[in-house]
Amino acid sequence: MGDAVRVFSTLALMGAIRGLAGRYEADFGVKIDVEFAPTLALLKRLEGGETADVLVLTREALADLASQGRVVSDSCVDLARSYVGLAVKAGAAHPDISSVAALRETLLNARCVGYSRLGASGIYFAKLIEQMEIAPQVNANAKVIQAGLTAELLPTGEAELAVQQISELKLVPGIEVVGPIPVELQQNPAVFSAGRMAASQKVEQTNGLLKFLKSSDVAPALRESGLEP
């Protein structure tokens, strides 16, 4: 796909972008070659010399690249807001996470909680349990993966609870999303943005894709995947 627009995207938008890429190719005749990974993993690849035409990262990461001149500031658009949630194996009882106190009790009583080390949700969760003063207890039995989809730990029984962006949890079959972590603990939910790399030679194609991703036409696909446009 040498003529394709190359996109590096964070995992949180995998569900939405997979479908939207095919739709964009059919409607506009421009092929999209997308690779998905956590924001920190993508940043490491960029630091190692890899390039893409469009980046879909956390707003903070994209803004930092723009400040370095590696991403065109004027091209940057906010796409979606995402909340962190919990999931269980399909058919399992849904624990109470309706309040801060209930969430605390649920996390302390869980046999094993799975979360990621590199993803925005994993970084958030690690800080959250520190703030709740339950990090030693939770981490004593936690399953912390380097990157990837934490809900994949549920069908295999490796974890009883999985923590991740709701849009990422929904990518895994055989699980059920319990719901979001209480909103009062997510005062600054992750915002994911897209922008064109300054080194890209496909200005017209990338600008067209960014305009499409920001349009109201894609809002239903974002909501369906568990994101808030």
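Scroll up a little and you will see the structure.
Residues numbered from 1 in each chain as written. Predicted model: local features only at pLDDT ≥ 70, side-chain atom pairs only at ≥ 80, totals over all residues. Heavy atoms only, no water.

Undergrad: Account for the layout of surface pockets, naming residues and giving values.
TA: Considering only enclosed or pocket space, the largest pocket measures out at about 580 Å³ in volume. Every residue lining the largest pocket is counted, 25 residues in all, and those nearest its centre are Glu60, Ala120, Tyr124, Asn188 and Ala190. Every element with two or more residues in the lining of the largest pocket is listed here: helix H2 (39-47), helix H3 (59-67), helix H5 (120-131) and strand S10 (190-196). Counting residues per element, the lining of the largest pocket draws most heavily on H5, at six residues. Class assignment of the residues belonging to the lining of the largest pocket gives a composition of 13 nonpolar, nine polar and three charged. In this structure, the second largest pocket occupies an estimated 150 Å³ of space. The wall of the second largest pocket is formed by 14 residues, among which Asp78, Leu79, Ala80, Lys214 and Pro229 lie closest to the centre. Elements represented by at least two residues in the lining of the second largest pocket include exactly strand S4 (77-82), helix H8 (203-214) and helix H9 (219-224). Looking at which element gives the most residues to the lining of the second largest pocket, the answer is S4, with four residues. (1 Å grid on protein atoms, 1.4 Å probe; cavity = no way out; pocket = protein on both sides within 12 Å on 5 of 7 lines; lining within 4 Å. Points joined across faces, edges and corners; volume = space filled by probe spheres on them. Helix = DSSP H or I, 4+ residues; strand = E, 2+ residues; numbered from the N terminus. Nonpolar A, V, L, I, M, F, W, Y, C, P; charged D, E, K, R; others polar.)

Undergrad: Quick one: what's the story with the sheet that holds S10, residue by residue and with numbers?
TA: With mixed pairing, five strands are arranged side by side in an open sheet as S2-S1-S3-S10-S4. Pairing within the sheet leaves two strands with one partner each, and these edge strands are strand S2 (32-36) and S4. Taken pair by pair, the neighbouring strands of this sheet meet at an average axis angle of 20°, ignoring direction. Packed on one face of the sheet, H3 meets strand S3 (54-58), S4 and S10 and runs near 130° to S3. (Pairing = 2+ DSSP bridges. Axes fitted to C-alpha atoms, helices over the stretch in contact; angles between N-to-C directions. Contact = heavy atoms within 4.5 Å.)

Undergrad: With reference to specific residues and values, describe the nonpolar core.
TA: Counting 27 residues, the largest nonpolar core has Val7, Leu13, Ile32, Val54, Val56 and Leu209 as the members making the most contacts within it. At the level of elements, strand S1 (5-9), helix H1 (14-28), S2, S3, S4, S10 and H8 are the ones that each hand at least two residues to this core. The element best represented in this core is H1, accounting for five residues. Judged by nonpolar contacts, the second largest core, of 20 residues, contains Leu103, Phe125, Leu128 and Leu161. (Core = buried A, V, L, I, M, F, W, Y, C linked by side-chain atoms within 4.5 Å. Buried < 20%, exposed > 50% of the residue type's maximum accessible area, 1.4 Å probe, protein only.)

Undergrad: Which residues make up empty space enclosed by the protein, and what values go with them?
TA: Under the criterion given, the structure shown has three cavities of 30 Å³ or more. When its volume is computed, the largest cavity comes out at roughly 90 Å³. Taken together, 14 residues make up the lining of the largest cavity; nearest its centre are Thr10, Pro38, Gly119, Ala120 and Glu168. Where the lining of the largest cavity is concerned, the elements lending two or more residues are H5 and strand S8 (161-165). A per-class count over the lining of the largest cavity returns five nonpolar, eight polar and one charged. Space inside the second largest cavity adds up to approximately 60 Å³. Lining of the second largest cavity is provided by Val7, Ile17, Leu20, Ala21, Tyr24, Ile32, Val34, Val56, Leu209, Phe212 and Leu213.

Treat this as a map of the structure, not an account of what it does.
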